[in-house]
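If you want the building blocks of each chain, they are given just below.
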Amino acid sequence: MTNPSSQLETPESIIAELKKPLPIGRTLFTYGMTVLAFALTGLALLPLVGILWSILLQGVPQLSPETITSLPAPVGVEGPNGFGNAILGTLIMVGIASAISIPFGLLTGIYLSEFGKNSKTASAIRFITTVLTGIPSVIIGVFAYGVVVVTKIGIQNGQIFFGREAIDQGSGVPLPGFLSAIANIFGYDINTLSIGIGGFSALAGGFALSILMLPVVALTTEEALKLVPISQRLASAALGATRFQTTFKIVVSTALPGVTTGILLAVARAAGETAPLVFTALFSDNWPDGLFNPTPSLSVLIYNYANSPFPEQNNLAWTASVVLVSLILLISIASRMVTRRR
């Protein structure tokens, strides 16, 4: 009779089996797949490395404090030549876009994750937001051009005018009385106040960029909130917290690093866009003059100067590319650092 214990392998035999080398076929397959993976990774990184090398090689030699603090000099004129106005204009329009998109994006993401969830309204909002992420930026620029640039809204002598014809004909609508009271609080007289909204401006550029940022902020906020464990919500409810308190004091606070990462990525995307600003903010060789006038930006400056026949403007475009890439890189690094703190 065979002893059952003899059929069991001893620990020494198991260790010896584990130490045996793999068959030659499996070994060759493993090394081959490893080499192929590294080769394909290098091939994918090759265009990125080539672009960065070209930008740094041709843009860094002209980079100096004077370049990032002075205005573009006319062609053939000796003197400081830079794009400080474009840097300031980019910051202004990205700031406007952030002020519009971040609050609406956060509230949309919170609704989709915590309050709407699987409702038909939430599904419709989620579908529209997802579609917005895939719309080309040039289409958004054309939309903003039609909504903000072409449409003229004016406030003058206590009346609001919609459209250029209404302004020319003087056929406006009287402003509500409460607006007069609000204006008086800030020291303005509504009957003498004159404001014109329309045309190429920083406000129009910020509006266009906000449309690009909104779906990114909303969807990343929703996904970050979904990562918060259900147990934290239940624990908060067990302690007597309301749904509103649980959402904003527990869930949002826990997901804040992920939400911040999404916001920074949206800002980085907006900072590098060109097409929407060509249709809305246009460009200017001067310092930004208010929110209702054409405003320069780094991306449009690069587009204009890269196509210029003058070498000095071509060189300035390369240098502006270095600054823009560095700005986006810093934002991306900041998002990574925030993610690591989770």
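In what follows, the structure referred to is the one given above.
Residues numbered from 1 in each chain as written. Predicted model: local features only at pLDDT ≥ 70, side-chain atom pairs only at ≥ 80, totals over all residues. Heavy atoms only, no water.

Looking at the overall build of the protein chain
Within the protein chain, the secondary structure is distributed over 15 helices and four strands. A burial count over the protein chain gives 34% of its 342 residues as buried. Sequence-distant contacts in the protein chain: of pairs separated by 6 or more residues, those separated by 24 or more amount to 70%. Here the protein chain displays about 20200 Å² of accessible surface, and carbon together with sulfur accounts for 69% of that area. (Helix = DSSP H or I, 4+ residues; strand = E, 2+ residues; numbered from the N terminus. Buried < 20%, exposed > 50% of the residue type's maximum accessible area, 1.4 Å probe, protein only. Contact = heavy atoms within 4.5 Å. Areas by Shrake-Rupley, 256 points an atom, 1.4 Å probe, with all protein chains shown as cover.)

A few points about the packing of helix α5 (residues 120-134) against helix α9 (residues 202-226)
Taken N-terminus to C-terminus, the directions of α5 and α9 make an angle of 125°; their axes are 9 Å apart at the nearest point. Classed by the angle they form, the pair α5 and α9 counts as oblique. Helix-helix and strand crossings are classified by hand; for α5 and α9 the assignment is left-handed. Of the residues in α9, those touching α5 at R126, T129, T130, L132 and T133 are I211, P215, A218, L219 and E222. Tallied by class, the residues present in the contact of α5 with α9 amount to five nonpolar, three polar and two charged. (Axes fitted to C-alpha atoms, helices over the stretch in contact; angles between N-to-C directions. Parallel < 35°, antiparallel > 145°, perpendicular 65-115°, else oblique. Left-handed = near helix turned anticlockwise from the far one by under 90°. Nonpolar A, V, L, I, M, F, W, Y, C, P; charged D, E, K, R; others polar.)

Quick notes on the nonpolar core
Within the largest apolar cluster, 43 residues are counted, with the highest numbers of intra-cluster contacts made by F83, L209, L298 and L301. Secondary structure elements with two or more residues in this core: α4 (84-116), α9, α11 (243-254), α12 (256-271), α14 (298-306) and α15 (311-340). Among the elements that line this core, the one with the most residues is α9, at nine residues. Excluding anything up to four places from it in sequence, F83 contacts T67, I68, S70, L298, L301, L316, T319, A320 and V323. (Core = buried A, V, L, I, M, F, W, Y, C linked by side-chain atoms within 4.5 Å.)

So, a nonpolar patch on the surface
Judged by side-chain polarity, L45, L48, V49, L52, L56, V60 and V325 come together as a nonpolar surface patch covering roughly 550 Å² of accessible area. When residues of the nonpolar patch are assigned to their parent elements, the largest contribution, five residues, is made by helix α3 (residues 24-59). Structurally, the position occupied by V49 is in helix α3. (Patch = residues over 30% accessible without salt bridge, like charges linked within 9 Å, V, L, I, M, F, W, Y side chains within 5 Å. Salt bridge = Lys/Arg side-chain N within 4 Å of Asp/Glu carboxyl O.)

Keep in mind that these numbers describe shape and distance, not what the molecule does.
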